[in-house]
Amino acid sequence: MDLRIFTEPQQGATYDTLLTVAKATEELGFDAFFRSDHYLKMGGADGLPGPTDAWITLAGLARETSRIRLGTLMTAATFRLPGVLAIEVAQVDQMSGGRVELGIGAGWYAEEHAAYGIPFPKAKFARLEEQLAVITGLWSTPVGETFDFDGKHYTLKDSPALPKPAQAKVPVLIGGHGAERTPQLAARYADEFNLPFGSLEDTARQFTRVRKAAEEHGRGKDDIVYSNALVVCVGKDDAEVARRAAVIGREVDELKANGLAGSPSEVVDKIHRYAELGASRFYLQILDLSDLDHLELIASGVQPQLD
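Residues numbered from 1 in each chain as written. Predicted model: local features only at pLDDT ≥ 70, side-chain atom pairs only at ≥ 80, totals over all residues. Heavy atoms only, no water.

A. Just the packing of aromatic side chains, in detail. Under the counting rule described, the total for this entry stands at seven aromatic pairs. Consider the rings of Tyr274 and Phe282, whose centres lie 6.3 Å apart with planes at 80 degrees: the pair is edge-to-face. Exposure remark for Tyr274: the relative accessible area of 1% places this residue in the buried category. One aromatic cluster is present, formed by Tyr39, Phe79 and Tyr116 through successive ring pairs. Sitting over the ring of Phe120, Lys124 keeps its end group 4.3 Å from the ring centre. (Phe/Tyr/Trp six-rings, centres within 6.5 Å; stacked < 30°, edge-to-face > 60°. Buried < 20%, exposed > 50% of the residue type's maximum accessible area, 1.4 Å probe, protein only. Lys NZ or Arg CZ within 6 Å of the ring centre and 35° of its normal.)

B. Inspection of the side chain of Asp37 at higher detail. Its location among the elements puts Asp37 in the loop between strand 2 (32–35) and helix 2 (54–64). A distance of 3.0 Å separates the side chain of Asp37 from the side chain of Thr75, its partner in a polar contact. Among the polar contacts listed, one links the side chain of Asp37 to the side chain of Arg80, at a separation of 2.8 Å. Beyond its immediate stretch of four places on either side in the chain, Asp37 contacts Ala54, Trp55, Leu73, Met74, Thr75, Ala76, Phe79 and Arg80. (Helix = DSSP H or I, 4+ residues; strand = E, 2+ residues; numbered from the N terminus. Polar contact = N/O pair within 3.5 Å; in protein donor to acceptor, adjacent residues only side chain to side chain. Contact = heavy atoms within 4.5 Å.)

C. A look at the packing of helix 3 (residues 82–96) against helix 5 (residues 124–140). Interaxial distance between helix 3 and helix 5 falls to 9 Å at its minimum, and their mutual angle equals 45 degrees. In terms of orientation, helix 3 and helix 5 fall into the oblique class. By crossing handedness, the relation of helix 3 to helix 5 is classed as right-handed. Across the interface between the two elements, Pro82, Gly83, Leu85, Ala86, Val89 and Ala90 of helix 3 pack against Gln131, Val134, Ile135, Leu138 and Trp139 of helix 5. (Axes fitted to C-alpha atoms, helices over the stretch in contact; angles between N-to-C directions. Parallel < 35°, antiparallel > 145°, perpendicular 65-115°, else oblique. Left-handed = near helix turned anticlockwise from the far one by under 90°.)

D. A look at the packing of helix 5 against helix 6 (residues 181–189). Look at helix 5 against helix 6: their axes get within 11 Å of each other, and the N-to-C directions meet at 5 degrees. With respect to their mutual orientation, helix 5 and helix 6 come out roughly parallel. Of helix 6, the residues touching helix 5 (which contributes Phe125, Ala126, Leu128, Glu129, Leu132, Ala133 and Thr136) are Arg181, Thr182, Leu185, Arg188 and Tyr189. Split by residue class, the contact of helix 5 with helix 6 holds seven nonpolar, two polar and three charged. (Nonpolar A, V, L, I, M, F, W, Y, C, P; charged D, E, K, R; others polar.)

As C-alpha cells, then:
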C-alpha cells in the first residue's frame, strides 16, 4: 500500500522548505511527494512568503531527489495552455528520469484567478476534457509524425508533438466528487482516480461510479488505481495528537471524523477501512511542513503496519 506525502504550499512555504520535506519523504521511504497547484492562500493562513509554482517546484525537486514519484493534486486546466503543459510535464519527467505524474482538474478557486489575472471561464469542465485529449495526444504521437486537434476551445495544427516524456506513459490522475461527468472522464483518461477529503461513504459511492464507467469503456478492473487524499495528524499519545491539531488550527474530533488522526494504530485501522473499498494509495495531507518528526512517526509507526 502506497503512502504519499501531499503538501499545500500556497498556505505558506518556500522552495527550500518544500525541498526539505521532499528529501525527508525520500529518506523515510514514502512513495511520492505531491503538491497542490494553487496561487493563493485559503482560510486564515498568512501564505507568506507567497506562492511557488507547482511545475517549477517539481523541476527543482526532480534534480534533488532520485527515487520518489513527483506530481500534482491537482493542476488546474485554467492555469496553462494544454500544449505548454504537455511540454512542461514532459520536460520535468525527463529531468526526473521518469518519475512524474500529472494530476489535473478543471480549476475551481475563482479568487486566485482574479488575484493573478488568470481567466476563469464558465466552461471549465469542457476545457479540461479538451486539455486531456490534447496532452495525451501530443505524448502518444510517434516521433516524426504531427498532431492536429480541432476543438471548441483549443486548436493545434501540424504540432511536432515534442518533447516526449521519459516514461512511455506519464500516469494521469483525475479526481473529484462529481456524480456523472467526472467518472466518465476518469474512465476515458485516468490511470488513477483520486477522491479528495471524502468519507468512507463518499468513497464507496464514487469508486463504484468510476468502476461502472470504466467497465462501460471496456477497461479492466485493474486498469485504474483508486486513491484517497486525507489530512493526517498522528501522535504517539493523545497529548501529541492534540498539539499537532492545534498547530494546524483543527479539532481532534473533527480530524478523526474527516481524516486520518490519532495514534498510529488508529490511523492504520482507518486506512484499512478505506482499503476495503478499493483504495490502494493514500495522499497524506501534511499541513505543518516544519514538523519533520511527524513524517518520521508516520514512517516508523504507520507504514510498517501496512506492509
